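# Chains, contacts and geometry: an overview
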Amino acid sequence: AKSDRRGTFRFFEPAMDVQLQARRVLEVDLRKALAQGEFELFYQPQVNIAQNEITGFEALLRWRHPERGLISPGEFIPIAEDIGLISPLGEWVIAQACADAAIWPRDIKVAVNLSPVQFRNKGLVSSVVTALANSGLGPDRLELEITESVLLQDNESTLAILHQLRGLGVRIALDDFGTGYSSLSYLRSFPFDKIKIDQSFVRELSSRADCLAIVHSITRLGESLGMSTTAEGVETEDQFIQLRAAGCTEVQGYYFARPKSIRELVFSLGH
Ligand code: C2E
Ligand code: CA
Ligand code: CA
Ligand code: CA
């Protein structure tokens, strides 16, 4: 048995491997993290190319672990999904993002990532309704980002939820576009407001002609479907120039700004 910092005991089977032990420890900590206020939202600007202005911020979740410091979502979100914590956590994210955005200038939107698992839970739509009501944020200033995997779990209830969300007046963006198995057919299944071009295409924009061709096609596809396009993971001026030439609506990436804590953000917005 190993004593943790609060004096409770965790028993490990001798055969349990190190990786599994680490995961169990993280699970135990994760279950307490929400109540202990250890989550934070960082915000990364989305820049409209034609207006040359910030038009929104994407909320990116961070866990400030008391011993390990800042942990990125790639490490804990899959665990939260596995152990049934993603819905309460996702609800907190939606509420916090709406509350934060409510004090920003009126023309700036907030984008929130949703896990496919949240769509299997009944309370998603009502948690959005509650967050909008409590914060006073206009629904058109909230954008929900979903990945193709949401549509992969098929079914009518997923699409019904998306239509209910859209019915509230919130915007729906298709994230990581181009990385799934049948991206094009998903564009037919729901009228998204925005397509986010996956960073894997942007990364090799300058070195690979095929990536450039793909990005051009996606922006034209978006245009003809009435959907705006946002390129993510823009790190260099050269990438930005190519994306502008391709007719992309918005860009997002380290070239413009890294995700910032709300404290830094409010400071930069001049509050
Ligand atoms: P994503 O939605 O595709 O978010 C973009 C990721 O790329 C973020 O990583 C962001 O920090 C990073 N990024 C932004 N600009 C650049 C760039 O120029 N270069 C590179 N290399 N990376 C860049 P992050 O914050 O670690 O988030 C990872 C993923 O975790 C997100 O991918 C999203 O799928 C998920 N995630 C984040 N926050 C939430 C949340 O609140 N709920 C859910 N369900 N998932 C979240
Ligand atoms: Ca996203
Ligand atoms: Ca993405
Ligand atoms: Ca991603």
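Residues numbered from 1 in each chain as written. Chains lettered and ligands numbered in written order. Predicted model: local features only at pLDDT ≥ 70, side-chain atom pairs only at ≥ 80, totals over all residues. Heavy atoms only, no water.

### A short note on the overall build of the protein
Applied cut-off: In this text, helices come from DSSP runs of H or I with a minimum length of four residues, and strands from runs of E with a minimum of two, each type numbered from the N-terminal end. In this scheme, a residue with accessible area under 20% of its type's maximum is buried, one over 50% is exposed, and one in between is partly exposed, where area comes from a 1.4 Å probe on protein chains only. Any two residues whose heavy atoms approach within 4.5 Å at even a single point are treated as in contact. Shrake-Rupley sampling with a 1.4 Å probe provides the accessible areas, and residues are treated as covered by the protein chains on show and by no other component. This count recognises Lys and Arg as positive and Asp and Glu as negative, with His and chain-terminal groups excluded. By convention, the charge on Lys lies at NZ, on Arg at CZ, on Asp at CG and on Glu at CD.
Helix and strand counts for the protein come out as 11 helices and 12 strands. With the principal axes as the frame, the protein shows a C-alpha extent of 60 × 45 × 45 Å. Looking at the protein as a whole, 46% of its 271 residues qualify as buried. Nonlocal contacts in the protein, meaning residues at least 24 apart in sequence, comprise 64% of its contacts between residues at least 6 apart. Accessible surface, the protein: about 13,600 Å² in total, of which carbon and sulfur atoms supply 53%. Here the protein contributes 28 positive and 35 negative side-chain charges, whose respective centroids are spaced 4 Å apart.

### Some remarks on the coordination of the calcium ion (ligand 4)
How we decide: As a rule, N, O and S atoms within 2.8 Å of a metal are its donors, except that Na, K and Ca use 3.2 Å; water is not among the atoms, so sites may look incomplete.
Distances from the calcium ion (ligand 4) to its protein donors, Asp176 (OD) and Asp176 (OD), fall within 2.8 to 3.0 Å. The metal-metal distance between the calcium ion (ligand 4) and the calcium ion (ligand 3) comes to 3.8 Å, with Asp176 coordinating both.

### Some remarks on the coordination of the calcium ion (ligand 2)
Coordination of the calcium ion (ligand 2) by the protein involves Glu58 (OE), Asn113 (OD1), Glu145 (OE) and Asp175 (OD), with metal-donor separations of 2.2 to 2.3 Å. The metal-metal distance between the calcium ion (ligand 2) and the calcium ion (ligand 3) comes to 3.9 Å, with Asp175 coordinating both. Taken together, the positions of Glu145 in strand E7 (residues 142–146) and Asp175 in strand E8 (residues 171–177) put the pair 30 residues apart, joining distant regions of the chain.

### A few points about the packing of helix H9 (residues 209–225) against helix H10 (residues 237–246)
To be explicit about the condition: Axes, fitted as lines to C-alpha atoms, cover a helix only where it is in contact. Angles between the N-to-C directions of the axes lie from 0 to 180 degrees. An angle counts as roughly parallel when it lies under 35 degrees, as roughly antiparallel when it exceeds 145, as roughly perpendicular when it falls between 65 and 115, and as oblique in every other case. When the near helix sits turned anticlockwise from the far one by under a right angle, the crossing is termed left-handed; a clockwise turn instead gives a right-handed crossing. Ten residue types, Ala, Val, Leu, Ile, Met, Phe, Trp, Tyr, Cys and Pro, are classed as nonpolar, four, Asp, Glu, Lys and Arg, as charged, and the remainder, Gly among them, as polar.
Taken N-terminus to C-terminus, the directions of H9 and H10 make an angle of 40°; their axes are 9 Å apart at the nearest point. Of the possible angle classes, the one that applies to H9 and H10 is oblique. Handedness of the crossing formed by H9 with H10: right-handed. Contacts from Leu212, Val215, His216 and Thr219 of H9 reach H10 at Gln242, Leu243, Ala245 and Ala246. When the residues that make up the contact of H9 with H10 are grouped by side-chain class, the tally is 5 nonpolar, 3 polar and no charged.

### Comments concerning the site of ligand 1
Note the cut-off: Residues are labelled near a given molecule or strand when at least one of their non-hydrogen atoms is within 4 Å of it. In protein, a polar contact requires one atom able to donate a hydrogen and another able to accept it; more generally it is a pair of N or O atoms within 3.5 Å, and residues adjacent in sequence count only if both atoms are side-chain atoms.
Taken together, 21 residues form the shell around ligand 1, and within it Gln44, Arg62, Gln199, Glu235 and Tyr254 come nearest. A distance of 3.0 Å separates a nitrogen atom of ligand 1 from a polar side-chain atom of Gln44. Taken by itself ligand 1 offers 800 Å² of open surface, and the protein chains cover 81% of this. Secondary structure elements with two or more residues in the shell around ligand 1: strand E4 (53–65), helix H2 (73–82) and E8. Counting residues per element, the shell around ligand 1 draws most heavily on E4, at 4 residues. Grouping the constituent residues of the shell around ligand 1 by class yields 9 nonpolar, 6 polar and 6 charged.

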